[in-house]
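# Overview (structure and organization)
What follows is each chain in one-letter form.
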Amino acid sequence: LYLPDEDAMLVCDQSSRAIIKYDLANGGDPTMIARGPDERPFNSPNDLIMDSEEGIYFTDPSYGLAEIMDSPLRKRDYNGVYYVPPGGDGGDVVLIEDSLSTPNGVALSPDEQHLYVGVSDDKAPRLWRYIKDGAGWVREADPWYDMMPHMEGGVPGLPDGMAVAQDGTIITSGPGGIYILSPQAELLGRVTTGRATGNCCFGEDGKTLFITSNDIVLRLPLLLTGMGF
């Protein structure tokens with residue numbers, strides 16, 4: 001995640017298994033943001049976002065470990081979704097969720113009252129939604145969007161990275177490409193890439209979507225405008 005006001009990058013670093021900020025303006029010096037509330041490294045931080053108060057949400061599956069769930073390097077017996085409060089450090093990390101098999105992409109609604117988490121589980125590929133409840137989050141009882149029906153025929157890819165438009169439209173990777181979903185979880189359209197598609201983000205004027213899809217990078221003009229533009 002690029003932080004333009006600081007000319008810095010906020011990174012899920014799978015080598016140190018931590019959240020790190022690189023100060024690009026001063027030679028890329030790294031600062032440890034979150035290593036773990038009890039000094040144990042995370043499994044393999046994967047995706048992150050920042051809210052309007054500069055709090056950080058991130059997912060921690062085990063994809064960066066060679067044997068994934070069976071790796072002896074795992075220090076946590078769950079794959080979590082976490083929150084780092086503004087100005088927090090490793091001791092301030094809050095566990096939001098510990099029951100998802102493989103939490104991956106993460107996004108906030110424009111009003112920051114809903115948190116979305118994609119689960120890249122080939123047996124249960126889903127998007128879950130959480131509702132703001134005081135200082136915490138409550139997960140809805142049913143999946144916000146189930147991608148299992150789109151898995152037929154061995155289509156490559158699973159839920160992964162997400163981007164959100166100013167009107168609340170969710171754009172997420174999934175089986176076969178990119179899915180465009182309304183805030184009511186209605187499928188508005190698909191971009192078929194024919195490849196496993198990992199991530200997407202808004203860029204340039206805010207009306208351009210960039211997509212990473214296996215061995216290619218795609219650029220797609222949109223009528224929507226991304227958050228932050």
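See above for the structure.
This write-up is about the structure you can find in this document. Please read all numbers here as calculations on a predicted model, not as lab measurements.

For the rest of this paragraph, the subject is the nonpolar core. Ranked by size, the top nonpolar core spans 14 residues in total, and within it Y57, I96, L100, L115, V117, Y130 and W137 carry the most contacts. Mapped by element, the contributors of at least two residues to this core are β7 (80-84), β9 (103-108), β10 (114-119) and β11 (126-133). Of the residues forming this core, the biggest block, 3 residues, is contributed by β10. In this view, Y57 contacts D47, L48, I49, D51, Y82, Y83, I96, V106, L108, L115, K132 and W137; residues no more than four positions away in its chain are not counted. Grouped together as the second largest cluster of nonpolar side chains are 13 residues, L10, I33, A34 and Y78 included.

In this section: the sheet that holds strand β8 (residues 94-97). The strand order across the open sheet built from 4 strands is β5-β6-β7-β8, with neighbouring strands paired in antiparallel fashion. Where the open sheet ends on each side, the last strands, each with one partner, are β5 (47-50) and β8. Ignoring which end each strand starts from, the neighbouring axes of this sheet average 25° apart. Bridge count for β7 against β8 is 3 bridges, and the pairing is antiparallel. If you follow Y82 over to β8, its bridge partner there is L95.

Its location among the elements puts S62 in the loop between β6 (56-60) and β7. For S62, the side chain forms a polar contact with the side chain of N79, separated by 3.0 Å.

This paragraph deals with the packing of aromatic side chains. Throughout the structure, instances matching the rule amount to 6 aromatic pairs. Ring centres of Y57 and W137 lie 6.0 Å apart, and the angle between their planes is 80°; on these two criteria the pair is classed as edge-to-face. Of this pair, Y57 sits in strand β6 while W137 sits in strand β12 (residues 136-139); the two residues are 80 residues apart in sequence, bridging distant segments of the chain. W137 carries the same exposure label as Y57, and that label is buried.

Our next topic: the pattern of salt bridges. Evaluated as defined, the whole model comprises 6 salt bridges. The partner of K123 in a salt bridge is D122, with the nearest N and O atoms 3.8 Å apart. For K123, a relative accessible area of 70% translates into the label exposed. Judged by its relative accessible area of 45%, D122 falls in the partly exposed class.

In the sheet, β5 pairs with β6 via 4 bridges, with the strands oriented antiparallel. Within β6, the residue paired with D47 across the bridge is T59. Taken together, β5 and the strand that follows it, β6, pair antiparallel across an intervening segment of 5 residues, in which E54 is found at a positive phi of about 75°.

Further remarks concern the environment of G153. Here G153 shows up in the loop between β13 (145-146) and β14 (162-164). What makes G153 exposed here is its relative accessible area of 83%.

This brings us to the sheet that holds strand β1 (residues 2-3). Ordered by their spatial adjacency, 4 strands build an open sheet running β1-β2-β3-β4, and the pairing between neighbours is antiparallel. In this open sheet, the two edge strands, each paired with only one partner strand, are β1 and β4 (29-34). Of the strand pairs in this sheet, strand β2 (residues 8-13) and strand β3 (residues 18-23) are connected by 6 bridges, and their pairing is antiparallel. What sits directly across from A8, in β3, is D23.

Here is what the cut-offs are and how they apply
Residues numbered from 1 in each chain as written. Predicted model: local features only at pLDDT ≥ 70, side-chain atom pairs only at ≥ 80, totals over all residues. Heavy atoms only, no water. Core = buried A, V, L, I, M, F, W, Y, C linked by side-chain atoms within 4.5 Å. Buried < 20%, exposed > 50% of the residue type's maximum accessible area, 1.4 Å probe, protein only. Helix = DSSP H or I, 4+ residues; strand = E, 2+ residues; numbered from the N terminus. Contact = heavy atoms within 4.5 Å. Pairing = 2+ DSSP bridges. Axes fitted to C-alpha atoms, helices over the stretch in contact; angles between N-to-C directions. Polar contact = N/O pair within 3.5 Å; in protein donor to acceptor, adjacent residues only side chain to side chain. Phe/Tyr/Trp six-rings, centres within 6.5 Å; stacked < 30°, edge-to-face > 60°. Salt bridge = Lys/Arg side-chain N within 4 Å of Asp/Glu carboxyl O.

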